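What the coordinates show
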Amino acid sequence: FKQRLFIMKKIWIIGSSSGIGLQLAKLSLERGYFVIASSRNATNSQELLELKSLYLNNLKLLDLDVSNSQSTTKCVDEAFDILKDLDICFFNAGVYEAMNVEQWDISNFESMINTNYLGAVRVIKPLFNHLKKQEKETRIILNASLSSYFGLPYGGAYSASKAALVNLAQSIQPEFLKHNIYVQIINHGFVKTRLTSKNDFEMPQLMSPEVAAKSIFEQF
């Protein structure tokens with residue numbers, strides 16, 4: 001019989017301090033992959049620090065504020081100093097505020113666009129500069145939402161930011177494929193997190209972060 005060669009994948013999860021991102025980090029580490037876990041305060045996250053104590057050699061924590069261009073570029077460079085190359089970058093950073101029309105606050109619109117959409121743009125540009133030098137295939141996975149295709153009650157600002165993210169992925173895919181970089185989107189349904197806890201309407205087929213992450217991880 002032929003012995004299968006184990007190849008350690010290198011995965012960078014952006015937005016990994018809770019929810020789907022945290023569960024994906026756990027699953028990746030259990031599989032033996034090398035993981036960089038990033039969030040605004042990754043190095044102070046109790047959940048990530050506990051993971052770090054279990055996986056000293058396979059987990060690196062990097063603080064990343066995707067709303068800041070300088071911080072993002074610096075963090076991308078630092079990640080590649082550590083990894084040298086990358087198999088998967090999973091962009092999971094996101095903010096959400098539910099607002100009815102009377103509650104509309106332009107600052108919330110700006111915050112969601114700035115993180116959910118422009119945050120990805122800030123990551124992708126310096127990331128592309130590194131990935132195009134790689135010889136192996138790599139993937140950029142953007143965590144969007146089914147709401148990118150239809151509006152949520154009180155969620156127009158959030159849905160719009162996710163729709164922009166999906167459109168961005170579709171637009172850059174042909175150009176990135178020339179460099180062996182595959183851009184993918186994840187459009188999951190309702191997941192029970194601190195974000196969806198803000199909703200006061202029925203959420204059909206609400207799933208746990210563990211279930212959602214397992215389904216996503218199967219595609220890694």
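Preceding block: the structure.
These remarks concern the structure in this document. (Residues numbered from 1 in each chain as written. Predicted model: local features only at pLDDT ≥ 70, side-chain atom pairs only at ≥ 80, totals over all residues. Heavy atoms only, no water.)

Here we look at the pairing of strand β1 (residues 10-14)
Along β1, 4 of the 5 residues are buried, which leaves the element largely enclosed by surrounding structure. Judged from the 5 bridges that link them, β1 and strand β2 (residues 34-39) form a sheet pairing that is parallel. Along β2, the bridge assignment pairs I11 with V35. Once the chain exits β1 it traverses helix α1 (residues 19-30) before rejoining the sheet at β2, and the crossover so formed is right-handed. Bridge count between β1 and strand β4 (residues 88-91): 4 bridges; the pairing is parallel. Of the residues in β4, the one forming a bridge with I13 is F90. (Buried < 20%, exposed > 50% of the residue type's maximum accessible area, 1.4 Å probe, protein only. Helix = DSSP H or I, 4+ residues; strand = E, 2+ residues; numbered from the N terminus. Pairing = 2+ DSSP bridges. Right-handed = clockwise from strand over helix to strand, strands pointing away.)

Observations regarding the sheet that holds β4
Strands pair in a sheet through their backbones, by hydrogen bonds, and they do so in one of two ways: parallel or antiparallel. Read from one edge of the open sheet, 6 strands run β3-β2-β1-β4-β5-β6, paired in parallel fashion. The open sheet terminates on both sides in strands that have one partner only, identified here as β3 (59-63) and β6 (181-186). Between one strand and the next, the sheet's axes are offset by a mean angle of 15 degrees, whatever the strand orientation. Packed on one face of the sheet, helix α5 (residues 156-177) meets β5 (138-143) and β6 and runs near 160 degrees to β6. (Axes fitted to C-alpha atoms, helices over the stretch in contact; angles between N-to-C directions. Contact = heavy atoms within 4.5 Å.)

Topic: the pattern of salt bridges
Within this structure, the stated rule accounts for 5 salt bridges. Where D85 meets K136, a salt bridge forms, and the shortest distance between an N and an O atom there is 3.0 Å. Placement of the pair is D85 in the loop between α3 (69-83) and β4 and K136 in the loop between α4 (106-131) and β5, with a sequence separation of 51 residues. Taking relative accessible area as the criterion, D85 reaches 23% and is therefore assigned partly exposed. Here the salt bridges do not stand alone but share partners, grouping K10, D85, D87 and K136 into one network. (Salt bridge = Lys/Arg side-chain N within 4 Å of Asp/Glu carboxyl O.)

Regarding a nonpolar patch on the surface
Together, L146, Y149 and F150 line one region of the surface with nonpolar side chains, adding up to about 320 Å² of accessible area. Looking at where F150 falls in the secondary structure, it is placed in the loop between β5 and α5. (Patch = residues over 30% accessible without salt bridge, like charges linked within 9 Å, V, L, I, M, F, W, Y side chains within 5 Å. Areas by Shrake-Rupley, 256 points an atom, 1.4 Å probe, with all protein chains shown as cover.)

Quick notes on the pairing of β5
For β5, the buried fraction is high: 6 of the 6 residues fall into the buried class. Because side chains alternate across β5, one face comprises the buried residues T138, I140 and L142, and the other comprises R139, I141 and N143, equally buried. The pairing of β4 with β5 spans 4 bridges and is classified as parallel. Paired with F90 across the strands is I141, a residue of β5. Assessed by its sense of winding, the connection that carries the chain from β4 through α4 to β5 is right-handed. When β5 meets β6, the two strands line up parallel, connected through 6 bridges. Looking across to β6, one finds that I140 is bridged to V183. For the segment spanning β5, α5 and β6, crossover handedness is right-handed.

Thoughts on the environment of N100
Here N100 is to be found in the loop between β4 and α4. C-alpha of N100 to C-alpha of P153: the two residues are 53 residues apart in sequence and 7.9 Å apart in space.

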